[in-house]
Amino acid sequence: RRPPLGAGGRAGRAGGGRGGPGGPRGGPRAGGAGERAGGADPAPPIRLTLRARQAGDLLEVQELRAEAEGATLSAAGRLPLSLDPARLLAPGPVDFRVDLGRMQLAAAAALAAPFGALPTIEGSVSAGLSLSGAWDRLRVDGEIHGFGLRTELPTGEVPLETADLDAVFSWADGAAVLEKLEVRSELAQVDAQASLALATSLQDLLDGLPIVPGPLTGAAEVRVPDLSWITGLPNIQRAEGGAQASISLEGPLDQLDFRGEVQLTDATLRLATPGLAAFTALELRGRFDKELITIDSLAGELGAEPFEVTGSVRYAGVEEPVLDLAFRGKDLLLYRAQGVKLRANADLRITGPLSQAVAQGKVKVTDGKLVKKIDFLRIPIGAPAPPRPGGLQLFSLAPPLDQLRFDVEVTSKDGFLLRNNVARGRLRPELKLTGTGEVPVVLGEVYLDSMVMDLPATRLVLQPSVVRFLPNDPFRPRLSLRGGMRRYGYDVEMLVTGPYDQPEVLFSSVPPLTQEELILFVSTGQPPAERVDAGGAMSSVAIYLARDFLATFFGDESTEAEESVLDRLEVYTGRDTTRQGEDTIEGRFRLFNQFLFDDDSLYLESEKDSYGDFNIGIKLLIRYP
């Protein structure tokens, strides 16, 4: 029987205890494994206490205690160990326990500093490990507990909340088992279990035999009750709702098979794309495995109208995910800004690799409005601005939609309503949308079925016209507009052609007038004469600007505002002159639309005719397609 062994003292990076033969006062220091070059600060000192004895092939550890700043490790028990290095593990019962008291992870980082930096994790942990049975039938049981754990994503953009962790594991009968893994935080909860066949022994490890793990089986559930934390991610302006996912694992580690399900509940997502409405009431039901993600149903609302997405995303055997998605919705709010709104039916198919995905299908405008007014008082005075080098770009999408390619037909049945202080009418697009989300390209025609333009002194009525987006220069649409007016017995025709930023305007009239006379006539409303009535012209402009100011002050640019009484009233003066030399006056007020037919209007009309008489009546205007 050997006498008991005992040891006590403090240990740092240097070998030997304080004051001993190998210590700083007894002789030269032997650098330990933690010695670092460059004179770095030493690791915190460790206080070590050991009381143990060995009798035969039994080592009894009465107390093993290691203490450092903020950390305590203790162990006790019996281990059948032989003094023969060739056969260290002796027969007999094993009963040994190791406990790590609650330790701040900052202290662990300081202890590990000589061996390299650890990831920055805040919080504290405690752990326990017990050995039982015999060396050939060893059982290992352990647990790990984490408190207030916190880290940050590498980008540092989304600070993660603190989390608590509980894990219980064991190794016995040839299997390593994760009996419980629980992670709890305000952001997410995780529950997992797993089992790995590991038919090896401690003696095999000491003999250097390779570890051959067997099949793995496991399952996990992740619940995210509040998705608002992803708002800080790039291009995510707002996120709400909850999500949960489940996953199961099975098979050898080198051929692991996994599958699972994912759900999204009452979620909201707004991307950082100006004018794009938020996706609301999102409900997702999907499945995934090692080859693809299948979207059984993704339903939601865009502008309070429903849409649905189905399809799959394949990521096995390809360099990047390959999309095959179908997107369908009715009366969706695709764009909204001050004075602008666009709703449409959409039937799209999105296919191809993620960086080269193509959206194909049809978009039919159901409700388009442009009611934003032109503020004449803020138009800069001076030479006209030169044409923009990039031309006209209707919109641009932010990531992740910027790489999406388009092959989409854009049509409309009722047209796009234009109603502001300058023009009233409808635009009917027949377009092909190509290009990418970042630089979309529009090809085709926009038809002006009916349009009235209010100028300071006159009113131009446009006949059916067209704006063309040509393939060779899609960012500079070509105008082909024809309109006219009647005033003081003159029928004036206007033709506008050429690029939108450099148009060519030609006038003609019956009786004929020169171009200079016609431009002056249309601009001022004054009839051709040897001397222009400057006072009358300035009066027309002043009245026009005053009316515009009042409409801006008392009205609004809401796309949801109903048509006002003034919008239904039309007044024309000076189309002819009376026998007394006065201006004729014509006015009409629209009472109803769709009075008898789908495309008719009922008006109340009144006029002061060329004889100077006043008339009143009712007119039914029927439009034919």
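Here is what the cut-offs are and how they apply
- The numbers attached to residues start from 1 for each chain and follow its sequence in the written order.
- With pLDDT at 70 or above as the cut-off, local features in this predicted model cover only qualifying residues; side-chain atom pairs require 80 or more to be listed or tallied, and sums for whole chains, interfaces and linings still use all residues.
- Hydrogen atoms and water are omitted, and side-chain values are computed over all heavy atoms in the structure.
- Runs of H or I in DSSP of at least four residues are treated as helices and runs of E of at least two as strands, each being numbered from the N terminus.
- Relative accessible area decides the class of each residue, using a 1.4 Å probe on protein chains only: under 20% of the type maximum gives buried, over 50% gives exposed, and in between gives partly exposed.
- Each accessible area value is a Shrake-Rupley result obtained with a 1.4 Å probe; residue values ignore everything except the protein chains displayed when judging cover.
- Only residues above 30% relative accessible area that lack a salt bridge enter a patch, with like-charged residues linked at up to 9 Å and the nonpolar side chains Val, Leu, Ile, Met, Phe, Trp and Tyr linked at up to 5 Å.
- Counted as salt bridges are all cases of a side-chain nitrogen of Lys or Arg within 4 Å of a carboxyl oxygen of Asp or Glu.
- Residues belong to a common nonpolar core when they are buried Ala, Val, Leu, Ile, Met, Phe, Trp, Tyr or Cys residues joined through side-chain atoms within 4.5 Å.
- In this analysis, two residues are considered to be in contact whenever any of their non-hydrogen atoms come within 4.5 Å of each other.
- Known as pLDDT, the predictor's confidence for each residue is given on a scale from 0 to 100.
- Two strands are said to pair when DSSP picks up at least two bridges between them.
- Method remark: on a 1 Å grid restricted to protein atoms, a set of points is classed as a cavity if a 1.4 Å probe fits but cannot get out and as a pocket if it is open with protein on both sides within 12 Å along at least five of seven lines; lining residues have an atom within 4 Å of a point.
- Grid points are joined across faces, edges and corners, and a volume is the space filled by probe spheres set on the points.
- Put simply, Ala, Val, Leu, Ile, Met, Phe, Trp, Tyr, Cys and Pro go in the nonpolar bin, Asp, Glu, Lys and Arg in the charged bin, and everything else, Gly too, in the polar bin.
- Pairs were defined over the aromatic rings of Phe, Tyr and Trp, the Trp ring being its six-membered one, requiring ring centres within 6.5 Å. Orientation was assigned from the angle between planes: stacked under 30 degrees, edge-to-face over 60, tilted for the rest.

What exactly am I supposed to notice about the overall build of the protein chain here?
For the protein chain, the helix and strand inventory stands at 4 helices and 32 strands. The proportion of buried residues among the 625 residues of the protein chain is 33%. For the protein chain, the exposed area adds up to about 36,300 Å²; of that, 58% sits on carbon and sulfur atoms.

Just to check I follow, could you spell out helix H3 (residues 515-524) for this structure?
Every α-helix carries 3.6 residues per turn, so stepping three or four residues along brings you back to the same face. Of all the positions in H3, only Leu518, Phe521, Val522 and Thr524 are classed as buried. Remark: glycine 525 follows H3 within two positions and exhibits a positive phi of approximately 80°.

Looking at this model, I keep getting lost on a nonpolar patch on the surface. Mind explaining?
On the surface, a nonpolar cluster with roughly 570 Å² of combined accessible area is contributed by Phe592, Phe595, Leu596, Phe597, Leu620 and Ile622. The topology assignment puts phenylalanine 592 in strand E30 (residues 583-593).

What should I look at first to understand the nonpolar core in this one?
Proteins that are soluble and globular tend to have nonpolar side chains buried together. Phe307 and Val492 are the most contacted members of the largest nonpolar core, which has 63 residues in total. The contacts of valine 492, once residues within four sequence positions are left out, are Gly483, Gly484, Met485, Phe507, Ser508, Ser509, Leu518, Phe521 and Val522. Of all hydrophobic cores here, the second largest spans 15 residues; its members include Leu59, Val61, Val140 and Trp171.

Is there a simple way to think about the confidence of the model for the protein chain in this case?
When pLDDT drops low, the exact placement of atoms in the prediction is not to be read closely. Of all residues in the protein chain, 79% attain a pLDDT of 70 or more, and the chain-wide mean is 80. Taking the mean pLDDT of every element in the protein chain, the minimum, 44, falls on strand E1 (residues 5-11) and the maximum, 96, on strand E11 (residues 216-224). pLDDT under 50 marks residues 1-39. Its contacts with residues more than four places away, or in other chains, come to 52 contacts. Of the regions scoring below 50 in pLDDT, residues 376-385 engages in 6 contacts with residues more than four places distant in sequence or in other chains.

I keep staring at the pairing of strand E24 (residues 459-462) and nothing clicks. Help me out?
Two faces, one strand: in a regular strand the side chains alternate between the faces of the sheet. Note that strand E23 (residues 440-454) and E24 share 4 bridges and pair antiparallel. What sits directly across from methionine 451, in E24, is leucine 462. Two strands pair when backbone bridges link them, and E24 and strand E26 (residues 473-487) are joined in this way by 2 bridges, in the antiparallel orientation. Residue valine 461 lies in a different strand from E26, and its bridge partner there is glycine 484.

So what exactly am I meant to see when it comes to empty space enclosed by the protein here?
If a probe as big as a water molecule is rolled over the atoms, it shows which places are left empty. For the structure on display, the rule yields 1 cavity of 30 Å³ or more. In this structure, the largest cavity spans a volume of roughly 60 Å³. Leu392, Gln393, Leu394, Pro440, Val442, Phe469, Pro474 and Phe475 are the residues that line the largest cavity. Those elements that provide at least two residues to the lining of the largest cavity are E23 and E26. Looking at the lining of the largest cavity residue by residue, the classes come out as 7 nonpolar, 1 polar and no charged.

What exactly am I supposed to notice about the pattern of salt bridges here?
Close approach of charged atoms allows side chains with opposite charge to pair. By the definition in use, this model includes 25 salt bridges. Of the charged contacts, one joins arginine 184 and aspartate 191 as a salt bridge, the two residues approaching to 2.9 Å between their closest N and O atoms. For aspartate 191, a relative accessible area of 16% gives the class buried. Residue glutamate 240 is joined to arginine 238 by a salt bridge in which the shortest nitrogen-to-oxygen separation is 3.1 Å. Residues joined by salt bridges that share partners form a network here, namely Arg184, Asp191, Glu221 and Arg223.

For this particular structure, what's the right way to read the packing of aromatic side chains?
The geometry of an aromatic ring pair is captured by two quantities: the separation of the ring centres and the angle between the planes. Under the defined criterion, the tally for this structure stands at 4 aromatic pairs. Where phenylalanine 279 meets phenylalanine 307, the ring centres are 5.8 Å apart and the plane angle is 80°; that geometry is what we call edge-to-face. With phenylalanine 279 in strand E14 (residues 279-289) and phenylalanine 307 in strand E16 (residues 306-314), this pair connects stretches of sequence that are 28 residues apart. Like phenylalanine 279, the residue phenylalanine 307 is buried in the burial classification. Between tyrosine 490 and phenylalanine 521 the ring centres are 5.7 Å apart and the planes differ by 75°, which places this aromatic pair in the edge-to-face class.

Looking at this model, I keep getting lost on unusual backbone geometry. Mind explaining?
Residues valine 510 and proline 511 are joined by a peptide bond in cis, for which omega reads -10°. Relative to the elements of secondary structure, proline 511 occurs in the loop between strand E28 (504-510) and H3. Even without being a glycine, alanine 281 presents a positive backbone phi close to 50°. Along the chain, alanine 281 falls in strand E14. With a phi close to 55°, aspartate 331 is a non-glycine residue in the positive phi region. By the secondary structure assignment, aspartate 331 is in strand E17 (residues 322-337). By relative accessible area, aspartate 331 is classed as partly exposed at 26%.

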